[in-house]
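Chain by chain, the residues run as shown.
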Amino acid sequence: MEPKSLASTLFLFFLLFGTLAASPTLKSKPRPRRPPPCKRLVFYFHDIIYNGRNSKNATAVIVGAPAWGNKTILAGANHFGNVVVFDDPITLDNNLHSTPVGRAQGFYLYDKKDIFTAWLGFSFVFNSTQHRGSINFAGADPLMNKTRDISVIGGTGDFFMTRGIATLMTDAFEGEVYFRLRVDIKLYECW
Amino acid sequence: MEPKSLASTLFLFFLLFGTLAASPTLKSKPRPRRPPPCKRLVFYFHDIIYNGRNSKNATAVIVGAPAWGNKTILAGANHFGNVVVFDDPITLDNNLHSTPVGRAQGFYLYDKKDIFTAWLGFSFVFNSTQHRGSINFAGADPLMNKTRDISVIGGTGDFFMTRGIATLMTDAFEGEVYFRLRVDIKLYECW
Amino acid sequence: MEPKSLASTLFLFFLLFGTLAASPTLKSKPRPRRPPPCKRLVFYFHDIIYNGRNSKNATAVIVGAPAWGNKTILAGANHFGNVVVFDDPITLDNNLHSTPVGRAQGFYLYDKKDIFTAWLGFSFVFNSTQHRGSINFAGADPLMNKTRDISVIGGTGDFFMTRGIATLMTDAFEGEVYFRLRVDIKLYECW
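Residues numbered from 1 in each chain as written. Chains lettered and ligands numbered in written order. Predicted model: local features only at pLDDT ≥ 70, side-chain atom pairs only at ≥ 80, totals over all residues. Heavy atoms only, no water.

Considering the relation of the copies chain A and chain C
- The two copies are related by a screw operation: chain A maps onto chain C through 120° of rotation and 0.0 Å of translation along the axis, at an RMSD of 0.0 Å. The superposition operator between the copies reduces to a three-fold rotation axis. Every residue of chain A has its C-alpha some distance from the rotation axis, and the shortest such distance is that of Gly64 of chain A, at 3.2 Å.
- Little of the interface of chain A is mirrored in chain C: 12% of its interface residues are interface residues there too. (Least-squares fit on C-alpha atoms with pLDDT ≥ 70 in both. Contact = heavy atoms within 4.5 Å.)

And the structure:
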């Protein structure tokens, strides 16, 4: 190797590794590059909680409550301790009255006294010409954040053995009876 | 290549790809071929719900109920909102009195008012010479269907890091106190 | 190969494969060798159950109970049927008063009448310079065992798509109000 070439190689070396060595001092850690999802789906689902008077329209019901709560109104202290079981319609757009393409079924619970935070375990159940099978979800939902990620922990039928991430966004929130979530499902393991 | 051979090759080509091109017009989507499971296990488990009088035999208990329910009888509206915690014996055959090979432990909840549908989160816990460790399950159980699939979301011990599908079948259903499920576990990720 | 060398090779051969062939007769099945984790993390989390008088300090609350239970004291029969929702501080050491590095959020339920056994569904939620994102857990916790394994069923953010095993150990247990778990997280799928 000639001296000039060596010098430029060393220069390149420091350029590359000097940058890398410096990176830990950066305030926000660089996010590793992610592969693109093998499948992506966006849905909305609609939750109407039973309040003692809406039994016809309700899609969800309070089934667990703390000592200071009851079953027809979400408890104080940011609903801490409320467990809700639901069977919510899934739609392709944000209209509650659109024809459902499936059902979101499972439970959520409010788990923090200082702020609204939930934990979810549920499935999207499809049985149409477009999708057949289920996608299973679990994870924490700090619902005051604009978006939050939960895990796709498995699937059946068209979604056999799938895994991924679902990004939730509260699309509407009306009083304490109705909310609508937008779910952006990104699958990274497809079989 | 001779002209005749070319013609027959083209014919074969159209036969193959013409068929493929036509397939989207078929009404039922062809199911993609699945790999064979790396492990397969079949078990039964037995659920006896506490009704206020059977505390000795009961293996399950109502712990959550909607406003219109209580803890010793499953609620109206297809049990919508009932949450049940269980510790059920697992057997190799469909006999409740066979020696258990493990315990099915976790919860299920009824989540629909129009029809019986459930959501399950539970584990099979083994501690015998044959199997040691646990298999973890989650998913929707539309229990009026003859068979339905839930996800194997993980495992420990002999089932370290496993994933797969479990096909549930209601093998018996007696009143609202006893039911027996047949579980056909197909593991597709074995470590 | 010379005769002597052949003889010693054969000897070595039988030594190796004779042993392997004999192993199925051993009483305890040899555990297959596991790969090393791609990431390992140890944390503690602290659970203080609401007892009707400690609303300021409580991090957990009884939300489900069997017919014979209530919401301010864990039920008889080994707490069978109690469901508890929690938002517990996560610390790096075993000191409840250390600065939390995240929150453990979700639920556990007691699912056996003869002995203490639980089932857990929860997340570790991190939002610090060190860790951002969540780790999701599910599994059976036979809590009278010194250690027990549950599944890491997914993750988000820094723990994108992760899977693994978490080994739980009860590090402290004071009356029926406070307990502390040590969690040794071993991730085997890192993205």
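Focus on the nonpolar core
- Counting 39 residues, the largest nonpolar core has Phe107 of chain A, Phe107 of chain B together with Phe107 of chain C as the members making the most contacts within it.
- Once residues within four sequence positions are removed from consideration, Phe107 of chain A is found in contact with Val84, Val85, Phe86, Trp119, Leu120, Gly121 and Phe122 of chain A, Phe107, Leu109 and Trp119 of chain B together with Phe107 of chain C.
- Membership of the second largest hydrophobic core comes to 31 residues, among which are Leu41, Phe43, Phe126 and Ile185 of chain A. (Core = buried A, V, L, I, M, F, W, Y, C linked by side-chain atoms within 4.5 Å. Buried < 20%, exposed > 50% of the residue type's maximum accessible area, 1.4 Å probe, protein only.)

A short note on the interface of chain B and chain A
- Taken together, the contacts link 32 residues of chain B with 39 residues of chain A.
- Where chain B abuts chain A, roughly 2600 Å² becomes buried across the two surfaces, and 61% of that area is made up of carbon and sulfur atoms.
- When residues of chain B are sorted by the area they lose upon contact with chain A, Lys113, Trp119 and Arg163 of chain B head the list and together hold 20% of the total.
- We note a salt bridge from Lys112 of chain B to Asp87 of chain A, for which the minimum N-O separation is 3.0 Å.
- Viewed at the interface, chain A and chain B are joined by 14 residue pairs in polar contact (both at pLDDT 80 or more).
- Breaking the side of chain B that touches chain A down by element, the ones donating at least two residues are β4 (102–110), β6 (132–141), β7 (147–157), β8 (163–174) and β9 (178–189) of chain B.
- The biggest single contributor to the side of chain B that touches chain A is β7 of chain B, with four residues.
- Looking at the side of chain B that touches chain A residue by residue, the class counts come to 17 nonpolar, six polar and nine charged. (Buried area = accessible area lost by both parts, 1.4 Å probe. Salt bridge = Lys/Arg side-chain N within 4 Å of Asp/Glu carboxyl O. Polar contact = N/O pair within 3.5 Å; in protein donor to acceptor, adjacent residues only side chain to side chain. Helix = DSSP H or I, 4+ residues; strand = E, 2+ residues; numbered from the N terminus. Nonpolar A, V, L, I, M, F, W, Y, C, P; charged D, E, K, R; others polar.)

Brief notes about the pattern of salt bridges
- With the rule as written, the count across this model stands at 21 salt bridges over all chains.
- Glu189 of chain B is paired through a salt bridge with Arg163 of chain B; the nearest N and O atoms lie 3.3 Å apart. With Glu189 of chain B in strand β9 and Arg163 of chain B in strand β8, this pair connects stretches of sequence that are 26 residues apart.
- Take Glu189 of chain B: its relative accessible area is 15%, and that puts it in the buried class.
- Through salt bridges that share partners, Arg163 and Glu189 of chain A, Arg163 and Glu189 of chain B together with Arg163 and Glu189 of chain C make up one connected network.

Side note on the interface of chain A and chain C
- On the chain C side, the residues contacting the 32 residues of chain A number 39 residues.
- Applying the counting rule to chain A against chain C returns two salt bridges.
- The interface formed by chain A and chain C includes 13 residue pairs in polar contact (both at pLDDT 80 or more).
- At the level of elements, β4 (102–110), β6 (132–141), β7 (147–157), β8 (163–174) and β9 (178–189) of chain A are the ones that each hand at least two residues to the side of chain A that touches chain C.
- Split by residue class, the side of chain A that touches chain C holds 17 nonpolar, six polar and nine charged.

Let's talk about the state of the cysteines
Residues and elements named next belong to chain A.
- Inspection of every chain in the model, using the stated rule, returns three disulfides over all chains.
- Covalently, Cys38 is tied to Cys190 through a disulfide, its sulfur atoms 2.0 Å apart. Looking down the S-S bond of the Cys38 and Cys190 bridge, the torsion is 85°, so its handedness is right-handed. Taken together, the residues span a long stretch of sequence, with Cys38 in the loop between α1 (3–22) and β1 (39–48) and Cys190 in the segment after β9 at a distance of 152 residues. (Disulfide = S-S within 2.5 Å.)

Describing the confidence of the model for chain A
- Per-residue pLDDT for chain A averages 88, and the proportion of residues at 70 or more is 83%.
- This stretch, residues 10–27 of chain A, has a pLDDT under 50; its non-local contacts, to residues over four places away or in other chains, come to two contacts. (pLDDT = per-residue confidence, 0-100.)

With respect to the relation of the copies chain B and chain A
- Overlaying chain B on chain A yields an RMSD of 0.0 Å, the required transformation being a rotation through 120° with an accompanying axial translation of 0.0 Å.
- Mapped onto chain A, only 12% of the interface residues of chain B again fall at the interface, so the copies present different surfaces.

Notes on unusual backbone geometry
- The backbone phi angle of Asn78 of chain B is positive, close to 55°, even though this residue is not glycine.
- Mapping Asn78 of chain B onto the fold places it in the loop between β2 (60–64) and β3 (83–91).
- With a relative accessible area of 22%, Asn78 of chain B lands in the partly exposed category.
- Phi is positive for His79 of chain C, close to 65°, though the residue is something other than glycine.
- Positionally, His79 of chain C belongs in the loop between β2 (60–64) and β3 (83–91).
- With a relative accessible area of 5%, His79 of chain C lands in the buried category.

Observations concerning the packing of aromatic side chains
- Inspection of every chain in the model, using the stated rule, returns 69 aromatic pairs over all chains.
- When the ring of Phe45 of chain A is compared with that of Phe86 of chain A, the centres are 6.0 Å apart and the planes differ by 10°; the resulting orientation is stacked. Placement of the pair is Phe45 of chain A in strand β1 and Phe86 of chain A in strand β3 (residues 83–91), with a sequence separation of 41 residues.
- Counting every residue linked through ring pairs, the aromatic cluster contains Phe43, Phe45, Phe86, Tyr108, Tyr110, Phe116, Phe122, Phe124, Phe126, Phe137, Phe159 and Phe179 of chain A.
- The lysine or arginine in question, Arg34 of chain A, covers the ring of Phe160 of chain C, its NZ or CZ lying 4.0 Å from the ring centre. (Phe/Tyr/Trp six-rings, centres within 6.5 Å; stacked < 30°, edge-to-face > 60°. Lys NZ or Arg CZ within 6 Å of the ring centre and 35° of its normal.)

Concerning the side chain of Asn136 of chain A
- Summarising the element assignment, Asn136 of chain A is placed in strand β6.
- Asn136 of chain A has contacts with Phe122, Ser123, Ser151, Val152, Ile153, Gly154 and Gly155 of chain A together with Ala138, Gly139, Ala140 and Ser151 of chain B, leaving out every residue within four places of it along the chain.

Looking at the pairing of β4 of chain A
Residue and element names in this part refer to chain A.
- With eight of its nine residues buried, β4 lies for the most part within the structure.
- Judged from the eight bridges that link them, β3 and β4 form a sheet pairing that is antiparallel. Residue pairing in the sheet places Ile90 in a bridge with Gly102 of β4.
- Examined bridge by bridge, β4 and strand β5 (residues 118–127) share eight bridges and lie antiparallel to one another. When the sheet's bridge partners are listed, Arg103 is paired in β5 with Val125. (Pairing = 2+ DSSP bridges.)

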